[in-house]
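# Geometric and topological summary
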Protein chains: 2
Amino acid sequence: MDVLKYLEECAALVEPEIDRWVPREIQPEVLAKAMRHLIEAGGKRLRPCLALTACEAVGGKKEDAIETAAALEMFHNFTLIHDDIMDHDEFRRNVKTVHVIWGEPIAIIAGDALFAKVFEAAAANASRLKLNLERTLELFNTLSKASFELCQGQALDMLFESRDDVTEEEYMRMISGKTGALTEAAAKAGALLGNADGKKLQALASYGRLIGVAFQMQDDVLGVWGKQEKFGKPIGSDIREGKRTLIIVRALTTASDEDRGVLLKAFGKSHATNEEIREAIGVLKRIGAIDYVAERARKLVAEAKRKLEVLPDSRAKEALLGIADFVVEREF
Amino acid sequence: MDVLKYLEECAALVEPEIDRWVPREIQPEVLAKAMRHLIEAGGKRLRPCLALTACEAVGGKKEDAIETAAALEMFHNFTLIHDDIMDHDEFRRNVKTVHVIWGEPIAIIAGDALFAKVFEAAAANASRLKLNLERTLELFNTLSKASFELCQGQALDMLFESRDDVTEEEYMRMISGKTGALTEAAAKAGALLGNADGKKLQALASYGRLIGVAFQMQDDVLGVWGKQEKFGKPIGSDIREGKRTLIIVRALTTASDEDRGVLLKAFGKSHATNEEIREAIGVLKRIGAIDYVAERARKLVAEAKRKLEVLPDSRAKEALLGIADFVVEREF
């Protein structure tokens, strides 16, 4: 299966639905623009696609999960806008970030407003399908618990910035909240809307969590390794910002004193020269920190794929398997 | 009825429930502290009290709305934390604001995390009462639509900061979103949980909206007129910050050129002297801008009380009438 084409198919389905929930007509106009800015800048629509595909994989139709799929993209964009403020990131998806264009207050509000719409869209979905009370509440709990876990992950990420002794285990806990919680919620919400039984629901939730974590690891790899034109963020920006990615956590615990010195010359130094960044990246490659992370991500993906064994064969299942592989094979 | 005592009664009921949803044990610890900071600093618990009382006024028990009452206080505190960041406010409820103590990133996350808990608590309420699907969805829609309207109001407020020509009508629209939406949601949610019929539901929603708007107007009055020890915010800070309160909007459109000059010497000038602030306040009093706003607030309260005529007599109804009066009679 051509996964990119499949993602595009899903995106085409969900796009009008996102427009319906975040219309250009929102007042005041600046709020509409700020809410729509990163949405319009692109993105793979991975989370909506997970929800639609999970719904289909358990016997539902993609359309059954369409409002929630849109909700998940709004949710994701809410977290991106707020994260960019916290991380002082100036670019994302090759465009300026929301707070850079409209200032922090409007960016904070735009994020909050997208978050507010998440639950409205999910309620509309439950209402249209005439879901029973139990499933409706589980849908809401899935979304609200994911958002709280996401906040916990983001808080850990912030705390890590001022620490040099973050362990791999701590990193994994952080990233599980920051990225895994929402991809889990996406797959689980889709399965809920497709009326999955308990076993399939749990399998898809686990699948979502695992590929989310793998996704973030691959993001960390691409942040050092990838091409800026494709990836959309300046290469080495994670290093300049001093972000505790798993690559860095691994490198700081395994590098020789000399290599560590080269790393620390660039790490967290906003004024590091391009040469210093290049040398730091050279160390990360040579000591195997990048390969280590890529390998761990591949193992998570393999585990995620095994979770899907409870599902009957279908095009949707094939797509979920393909998406899992795509997560670690992508270059953007 | 002694309204203050009644508010304290409601607060005593809801306090343990808030602790249950925002426990000290939340990890990481800094997130628990930041989420709980303003909650612990006090506040009247007006919104929870509105929900509990509305529920009782339509024939339910206060306990029927307890999770949602807690949710409303979490909701309110989420908006306070984010607003304080946007307004660069350093004090609230006589304590330092969250972003001043823990920095903006943690403050943004703490607000988001409180918001996330709102829907979890509401879902728990619906689940405990075995509410039917229709009412459950209406509860969720009430909360999510209020939060979106709140964002719209806050965005307008931000836009007004750079404008000198805000009209009273624009101000009213802003404040209706920023304050009225949530008090409406509080009274409406309580009524929903008390199984109110359509007429009572609508009456209580309108009551909530009206007293919310009046509440904000009184806040504006106290910001110029009140005593800092009681009110918790430095007197004149609204003037220094250049906030478009209705008092200012009114004054800028009705003052003589000379008086306007005195106002503009202090208005929006962070370095205005205490003497300049005092003179500006003098003008606001003399030209009747403060009385004008206080009078409009009193009229809204009278209208709010009339909405309650559809309710049978009860202690809860008496409390709602008393709360309406309290909104414009309070000094804190």
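Residues numbered from 1 in each chain as written. Chains lettered and ligands numbered in written order. Predicted model: local features only at pLDDT ≥ 70, side-chain atom pairs only at ≥ 80, totals over all residues. Heavy atoms only, no water.

### A few points about the overall build of chain A
Quick reminder of the rule: Put simply, DSSP H or I for four residues or longer makes a helix, DSSP E for two residues or longer makes a strand, and each gets a number counted from the N terminus. Two things to know: the radius of gyration comes from C-alpha atoms, and the globule rule equals 2.2 Å times the number of residues to the power 0.38. Relative accessibility decides the category of a residue: with a 1.4 Å probe and only protein chains considered, values under 20% of the type maximum give buried, values over 50% give exposed, and everything between is partly exposed. Throughout, a residue-residue contact means that at least one pair of heavy atoms, one from each residue, lies within 4.5 Å. In this description, accessible areas are obtained by the Shrake-Rupley approach with a 1.4 Å probe, and a residue is regarded as covered only by the protein chains that are shown. Note that His is not counted, nor are the chain ends; the positive residues are Lys and Arg, and the negative ones are Asp and Glu. Charged groups are reduced to one reference atom each: NZ for lysine, CZ for arginine, CG for aspartic acid, CD for glutamic acid.
Of regular secondary structure, chain A possesses 16 helices and two strands. Over its C-alpha atoms chain A spans a radius of gyration of 20 Å, differing by no more than 12% from the 20 Å that the globule rule assigns to 332 residues. C-alpha atoms of chain A, sized along the principal axes, occupy 65 × 50 × 30 Å. Looking at chain A residue by residue over its 332 residues, the buried ones come to 62%. Sequence separation of 24 or more characterises 76% of the internal contacts of chain A that already satisfy a separation of 6 or more. Here chain A displays about 12,700 Å² of accessible surface, and carbon together with sulfur accounts for 49% of that area. Charge-centre separation for chain A: the mean point of 47 positive side chains lies 2 Å from the mean point of 54 negative side chains.

### A look at the relation of the copies chain B and chain A
Convention followed: Copies overlap after least-squares fitting; the atoms used are the C-alpha atoms of residues with pLDDT of at least 70 in both.
Superposing chain B onto chain A takes a rotation of 180 degrees combined with a translation of 0.0 Å along the rotation axis, leaving an RMSD of 0.0 Å. Read as a symmetry element, the transformation amounts to a two-fold axis. Looking at the rotation axis and the C-alpha trace of chain B, the residue lying nearest is B:L133, at 2.7 Å. Both copies share a contact surface, since 100% of the interface residues of chain B are interface residues in chain A too.

### So, the side chain of A:D112
Selection rule: A pairing counts as a salt bridge when a side-chain nitrogen of Lys or Arg comes within 4 Å of a carboxyl oxygen of Asp or Glu.
Note on placement: A:D112 falls in helix α6 (residues 104–129). Buried charge without a partner: A:D112 forms no salt bridge, and the closest opposite charge is B:K178, 11 Å away. Every residue in contact with A:D112, bar those within four places of it in the chain, is listed here: A:F78, A:H82, B:F78, B:H82, B:D112, B:F115 and B:C151.

### Some thoughts on the interface of chain B and chain A
We count it as follows: A quick way to say it: buried area is the sum, across both parts, of accessible area lost when two parts are put together, with a 1.4 Å probe. Counting of polar contacts relies on pairs of N or O atoms within 3.5 Å, with two restrictions inside protein: one atom must be capable of donating a hydrogen and the other of accepting it, and residues adjacent in sequence are counted only when both atoms are side-chain atoms.
Listed per partner, the contact involves 43 residues of chain B and 43 residues of chain A. Overall, the association of chain B and chain A removes approximately 3,500 Å² of surface from exposure, summing both partners, and the carbon and sulfur fraction of that is 81%. Where chain B packs against chain A, one counts zero salt bridges. For the interface between chain B and chain A, the tally reads four residue pairs in polar contact (both at pLDDT 80 or more).

### A short note on helix α16 (residues 315–329) of chain A
Residues and elements named next belong to chain A. Filter applied, for reference: Given the number of residues in a helix, its expected span is that number minus one, multiplied by 1.5 Å.
Between its terminal C-alpha atoms α16 stretches 20 Å, which fits the 21 Å expected from 15 residues at 1.5 Å a residue. Among the residues of α16, those classed as buried are A316, K317, A319, L320, G322, I323, A324, F326, V327 and V328. Among the structural elements, α1 (3–21), α3 (46–57), α9 (198–225) and α15 (289–307) are those in contact with the buried residues of α16. Sitting at the head of α16, S314 places a side-chain oxygen 3.3 Å from the backbone nitrogen of A316.

### Structural notes on the pattern of salt bridges
Taken as a whole and assessed by the stated rule, the structure comprises 64 salt bridges over all chains. The shortest N-O distance in the salt bridge between A:D313 and A:K317 comes to 3.4 Å. On the accessibility criterion, A:D313 (72% relative accessible area) is exposed. On the accessibility criterion, A:K317 (11% relative accessible area) is buried. Ionic pairing is found between B:R209 and B:E149, a salt bridge with its closest N-O pair at 2.6 Å. One end of the pair, B:R209, is in helix α9 (residues 198–225); the other, B:E149, is in helix α7 (residues 133–160), and 60 residues separate them in sequence. Taking relative accessible area as the criterion, B:R209 reaches 17% and is therefore assigned buried. A relative accessible area of 25% places B:E149 in the partly exposed class. One connected set of salt bridges, linked through shared partners, spans A:D83, A:D87, A:D157, A:K178 and A:K243.

### Section: the confidence of the model for chain A
Test applied: Scored from 0 to 100, pLDDT reflects the predictor's confidence in each residue.
In the predicted model, chain A carries a mean pLDDT of 95, and 98% of its residues have values of at least 70. This prediction of the complex comes with two scores: 0.94 for pTM and 0.94 for ipTM.

### Re the packing of aromatic side chains
The condition is simple: Whether two aromatic rings pair depends on their centres lying within 6.5 Å, for rings of Phe, Tyr and Trp, where Trp uses its six-membered ring; planes under 30 degrees apart make the pair stacked, over 60 edge-to-face, and the rest tilted. Ring-over charges, as used throughout, are those where CZ of Arg or NZ of Lys falls within 6 Å of the ring centre and within 35 degrees of the ring normal.
For the structure shown, the criterion picks out 13 aromatic pairs over all chains. Ring geometry for A:F75 versus A:F78: centroids 6.1 Å apart, planes at 40 degrees, classification tilted. Of this pair, A:F75 and A:F78 both sit in helix α4 (residues 66–87), separated by three residues, roughly a single helical turn. A relative accessible area of 0% means that A:F75 is categorised as buried. Through successive ring pairs, a cluster of aromatic residues spans A:F75, A:F78, A:F115, A:F119, A:F140, B:F75, B:F78, B:F115, B:F119 and B:F140. Above the plane of the ring of B:F215 lies B:R47, whose end atom (NZ or CZ) is 5.9 Å from the centre. For B:R250, the ring lying beneath its charged end belongs to B:Y292, and the centroid distance is 3.7 Å.

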